[in-house]
Amino acid sequence: MKKKGIKYVIKKGNEFYPSDEMKKIANITDAKIYEKANKDPVKFWGDLAKKGLTWEKDWNETYTEKLPYFQWFKGGKLNFSVNCVDRHLANPNKTALIWIPEPKDEKPIKISYGELYDKINKFANVLKSYGIKKGDIVSIYLPMIPEALISMLACTRIGAIHSVVFSAFSAEALKARIEDGKAKILITSDGYYRRGKPENLFKKAKQAAKKTTIQKIIVAKRTGTKTRGRNVLDFNEEIEKASSYCKPEIMNSEDTMFLLYTSGTTGKPKGIIHDTGGYAAQAYWTSKWNFDLHPEDTMWCTADIGWVTGHTYGMYGPLLVGATSLIYEGGPNFPNPGRWWKIIQDHKVNVFYTAPTAIRMFMKAPQKWITKYDLSSLKVLGSVGEPIDKESWMWYFRTVGGSRCPIIDTWWQTETGGTLINTIPGIGPFVPTVSGKSFPGTRHSIVDDEGRPTPKGKPGFLVQKSPFAPGMLHGVFNNHKKYVDTYWKKFKTMYDTSDGAYLQNGLIRITGRTDDVMKVAGHRLATAEVENAIHDNKKVDDVAVVPMPDEIRGQVPMAFVVLKKGKPSKKLEQELRKYVDIKIGPTARPKRIFFVSDIPKTRSGKIMRRILKALLINEKPKGLMTLVNPESVDEVKRIINSNS
Ligand code: WT7
């Protein structure tokens, strides 16, 4: 199909810049904003928060800091659901959410702001009727269906704290998160469709809730699977019984709005705490400026709500702006690699946001599946989750964007709440593999081990400097020590992102994690977490997990196992891989398990991951002198080679 649509970028040398057409429509085009914001970031954010959000009461102090904690808009009061829904009701028929079910014979469902308002009020009343009040934690274990958005917003209406758990996580992973937060209610569904088949979610939910603080399980109907049990309620039946107005709970800006568990370097995921006002301010303004989102736009962020990207740009950002959000239930290339692109065509998506792993997958698919659709509605293309290589960037730019749309390579984390480093569509430049600048009013630096800025262009640790962005985490749930150790121990007055970076022509280029965290198809996983899971198996004596580069998934976990009993076999390898599914979920499943008799370790017993990583990619490992068991290296090498 011939490329059509507005050209939003122009080429200058090797770089791309916004075209006049883009500048005409963009929410922000003046590069001076960076300097202006930097003069007084606190005042800058104060002005933005006032302008962008609806407050019930003004704050007394815009920003206070007593490290490692800091507060935004102290004394300010607001309700998050009012900002997402109530304030857009002047036009109640406007579509808030487009939901695309996976089965092709099912029609997409559109939910207007008016309907959404009705549903979240009612569901908020349902939660209240079961004793949920301000500050209580509600566990949400839902697939990509409208009930997810309704549940999350209903929580924010009454000031309950939502804790969403990725639906592909296992019952055990869910249970650990329920127990950490002591949730009283679990919202789930009977199932969902994935690659043409119904998946049973309820079974896992019920198993997870056993012997925990959960008093009621509320189940959304999707696949029609039986969901009987004591204290099991039907989502829709409950909504139908509920009264239609729920007065919004007026929250302090600093009150916790949600928890989201993410992987650190240890075996146990940590509950990242996000506040209400600061998070909302960053979600609103980053949606408007980084994605150039306007109320008349449709945004599709392909991330699952189980991840922070799904929270901030799949659900909340578009609603705060009063735009339309599109979500899709199922597999990206189901029933064929044209699925996503047909959705963009049919629903005239303007802003599309996905991860490099998906881009790499589609790059390898027969291209007719992408080029046959009319993608001229697209305006901005986003990338997130891991570094994007030049080839994938160019493919995304040309094939999806028709060489018309800026690629916004957004760097951020579960901890930062919203994007922080990227170029802005109306400002540019758009340079392959380079993320860009700190969002106006935020400051990052690249430093050496001692926290001193590295010489120009030299790689180092990426840190954030005071004042810390409004969307930043406010702690680790029930774990002050972990909060301090993870983010503040190394650099004291600067937030440690655990990412490496360097400057390229004044723009930040991210090189990847500096800790033992993997990014598997964009999903964040600690090597220690997978090790713990495998170690729990009775047959395992010792285990090491390291990431290996993968063409599509970016990285994949590889495991080295020393057996306590049993003989190495293909069958046992499968058994242990499946065991990880039960402990964490299929995303964490090692690609291969190698049975060895010893794992290379230092004298103090630390696994030498560096050496294992080198052996996996057939490189000569360095620094063998530090090993307590150098002879293990030869064996590992032999076993990898005989298995590949
Ligand atoms: C880690 C955070 C927050 C979005 C989803 C991931 C890596 C994220 C980029 C990017 C290179 C990136 C970092 C970061 N990352 N975006 N544009 N370029 N790396 O959230 O699961 O908390 O993972 O993802 O390593 O620390 P997350």
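What counts as what
- Numbering of residues starts from 1 in each chain and follows the order in which that chain's sequence is written.
- Note on the predicted model: pLDDT of at least 70 is required for a residue's local features to be given, and 80 or more for side-chain atom pairs to be given and counted; whole-chain, interface and lining totals, by contrast, use all residues.
- Computation of side-chain values covers all heavy atoms of the structure but excludes hydrogens and water.
- Strands here mean DSSP runs of E at least two residues long; helices mean DSSP runs of H or I at least four residues long; both are numbered from the N terminus.
- Burial classification: accessible surface area is computed with a 1.4 Å probe over protein chains only, and a residue below 20% of its type maximum counts as buried, one above 50% as exposed, and the rest as partly exposed.
- Accessibility throughout is a Shrake-Rupley quantity obtained with a 1.4 Å probe, and a residue counts as covered only by protein chains that appear here.
- For the purpose of charge, His is not counted, nor are the chain termini; Lys and Arg are scored as positive and Asp and Glu as negative.
- The location of each charge is read from NZ of Lys, CZ of Arg, CG of Asp or CD of Glu.
- Nearness of a residue to a molecule or strand requires only that one of the residue's heavy atoms be within 4 Å of it.
- Definition of a polar contact: a pair of N or O atoms within 3.5 Å, with one able to donate and the other able to accept a hydrogen when the atoms are protein atoms, and with sequence-neighbouring residues admitted only if both atoms are side-chain atoms.
- In the scheme used here, Gly and all other residues not listed as nonpolar or charged are polar, with Ala, Val, Leu, Ile, Met, Phe, Trp, Tyr, Cys and Pro taken as nonpolar and Asp, Glu, Lys and Arg as charged.
- The span one expects for a helix is its residue count, reduced by one, times 1.5 Å.
- If DSSP finds at least two bridges between two strands, the strands pair.
- Helix axes are fitted only over the stretch in contact, all axes being lines through C-alpha atoms; the angle between N-to-C directions runs from 0 to 180 degrees.
- Should any heavy atoms of two residues lie within 4.5 Å, those residues are counted as being in contact.
- Think of a salt bridge as a Lys or Arg side-chain nitrogen and an Asp or Glu carboxyl oxygen that are within 4 Å of each other.
- An automatic or database domain assignment provides the domain bounds reported here.
- In this description, a disulfide is simply a cysteine sulfur pair whose atoms lie within 2.5 Å.
- Think of a nonpolar core as a cluster: buried Ala, Val, Leu, Ile, Met, Phe, Trp, Tyr and Cys residues, connected wherever their side-chain atoms sit within 4.5 Å.
- Side-chain rings of Phe, Tyr and Trp, where Trp is taken by its six-membered ring, are said to pair if the distance between their centres is within 6.5 Å; with planes under 30 degrees apart they count as stacked, over 60 as edge-to-face, and otherwise as tilted.

Draft legend 1. Region of the structure containing the overall build of the protein. A count of helical and extended segments in the protein gives 20 helices and 33 strands. If you line up the protein on its principal axes, its C-alpha atoms span 70 × 65 × 55 Å. When the 644 residues of the protein are sorted by exposure, 63% land in the buried category. With an accessible surface of roughly 25700 Å², the protein has 51% of that area assigned to carbon and sulfur atoms. For the protein, the distance from the average position of its 102 positive side-chain charges to the average position of its 67 negative side-chain charges is 2 Å.

Draft legend 2. A look at the site of the ligand. Neighbouring residues of the ligand: 17 residues in total, closest Asp 409, Thr 410, Thr 414, Asp 499 and Arg 524. Side-chain polar atom of Thr 414 to an oxygen atom of the ligand: 2.5 Å apart, as the coordinates give it. Contacts to the ligand include Asp 499, whose side-chain N or O atom sits 2.4 Å from an oxygen atom. Taken by itself the ligand offers 560 Å² of open surface, and the protein chains cover 97% of this. The set of elements that each furnish at least two residues to the shell around the ligand consists of helix 11 (308–321), strand 22 (407–410) and strand 28 (507–513). Looking at the shell around the ligand residue by residue, the classes come out as 6 nonpolar, 5 polar and 6 charged.

Draft legend 3. Layout of helix 10 (residues 277–290). Here helix 10 is 14 residues long and its end C-alpha atoms lie 19 Å apart, about the 20 Å a rise of 1.5 Å per residue gives. By the criterion of burial, helix 10 is predominantly enclosed, with 14 of the 14 residues buried. Where helix 10 ends, the next residue or the one after it, Asp 292, has phi of about 45 degrees, a positive value.

Draft legend 4. A look at the sheet that holds strand 13 (residues 216–220). Ordered in space as 14-13-10-8-9-16-17, the 7 strands form an open sheet in which the pairing is mixed. At either end of the open sheet lies a strand with only one pairing partner, and these are strand 14 (232–234) and strand 17 (270–275). Averaged over all adjacent pairs, the angle separating strand axes in this sheet is 25 degrees, with direction ignored. Two strands pair when backbone bridges link them, and strand 8 (residues 137–141) and strand 10 (residues 185–189) are joined in this way by 4 bridges, in the parallel orientation. Considered in strand 10, the bridge of Ser 139 is made with Leu 186. Across the face of the sheet, helix 10 comes into contact with strand 16 (256–262) and strand 17 while running at roughly 80 degrees to strand 17.

Draft legend 5. Spotlight on the pattern of salt bridges. As enumerated under the stated definition, the model contains 33 salt bridges in all. Between Asp 449 and Lys 490 there is a salt bridge, and its shortest N-O distance comes to 2.9 Å. Taken together, the positions of Asp 449 in the loop between strand 25 (443–447) and strand 26 (460–465) and Lys 490 in the loop between helix 16 (480–487) and strand 27 (495–504) put the pair 41 residues apart, joining distant regions of the chain. When salt bridges with common partners are traced through the structure, they connect Glu 106, Arg 222 and Glu 329 into a single cluster.

Draft legend 6. Structural detail: the domain arrangement of the protein. What the domain assignment lists for the protein is domain 1 (9–500) and domain 2 (521–642). Here domain 1 and domain 2 have C-alpha centroids that lie 33 Å from each other. Contact with domain 1, which involves 25 residues of that partner, is made by 20 residues of domain 2. Across the domain 1-domain 2 interface, the total number found is 3 salt bridges. Linking domain 1 with domain 2 are 12 residue pairs in polar contact (both at pLDDT 80 or more), by the criterion used here. Across the side of domain 1 that touches domain 2, the residue classes break down as 7 nonpolar, 11 polar and 7 charged.

Draft legend 7. A look at the sheet that holds strand 26. Taking strand neighbours across the sheet as the criterion, the 4 strands line up as 25-26-27-28 in an open arrangement whose pairing is antiparallel. Edge positions in the sheet fall to strand 25 and strand 28, since each has one partner strand and no second. Direction aside, neighbouring strands of the sheet carry axes that sit 50 degrees apart on average. Strand direction decides the pairing type here: strand 25 and strand 26, joined by 5 bridges, are antiparallel. Across the sheet, Ser 445 pairs through a bridge with Val 463, a residue of strand 26.

Draft legend 8. Quick peek at the state of the cysteines. Evaluated as defined, the whole model comprises 0 disulfides. In this model Cys 301 remains outside any disulfide bridge; the closest cysteine sulfur is found in Cys 84, 15 Å from its own.

Draft legend 9. Structural view of the environment of Trp 412. Tracing the sequence through the fold places Trp 412 in the loop between strand 22 and strand 23 (421–422). According to the relative accessible area criterion, Trp 412 is buried, its value standing at 9%. Spatially, the C-alpha atom of Trp 412 lies 16 Å from that of Val 520, the residues being 108 residues apart in sequence. If we skip the residues at most four places from it in the chain, Trp 412 touches Val 308, Thr 309, Thr 312, Tyr 313, Tyr 353, Val 384, Gly 417, Gly 418, Thr 419 and Leu 420. Within the local environment of Trp 412, its side chain forms a polar contact with the side chain of Tyr 353, the two groups lying 3.0 Å apart.

Draft legend 10. Here's a closer look at the nonpolar core. Ranked by size, the top nonpolar core spans 143 residues in total, and within it Leu 116, Phe 123, Leu 127, Leu 153, Trp 341 and Phe 352 carry the most contacts. Beyond its immediate sequence surroundings of up to four residues, Leu 116 is in contact with Val 85, Ala 96, Ile 111, Leu 149, Ile 150, Leu 153 and Leu 319. Grouped together as the second largest cluster of nonpolar side chains are 45 residues, Ala 183, Val 219, Met 518 and Leu 525 included.

Draft legend 11. Representation of the environment of Lys 23. With respect to the helices and strands, the residue Lys 23 is situated in helix 1 (residues 20–25). On the basis of relative accessibility, which here comes to 42%, the residue Lys 23 falls in the partly exposed class. Residues Lys 23 and Glu 115 lie 92 residues apart in sequence; the distance between their C-alpha atoms is 35 Å. Ignoring sequence-local partners within four residues, the contact set of Lys 23 consists of Pro 18, Thr 29 and Gly 426.

Draft legend 12. Local environment of the packing of aromatic side chains. Per the counting criterion, the structure on display carries 44 aromatic pairs. With 4.9 Å between their ring centres and 55 degrees between their planes, Phe 166 and Trp 307 make a pair best called tilted. Of this pair, Phe 166 sits in the loop between strand 9 (161–164) and helix 7 (171–181) while Trp 307 is found in the loop between strand 18 (298–301) and helix 11, placing the two residues 141 residues apart along the sequence. Judged by its relative accessible area of 8%, Phe 166 is buried. Note on Trp 307: relative accessible area 18%, which makes it buried.

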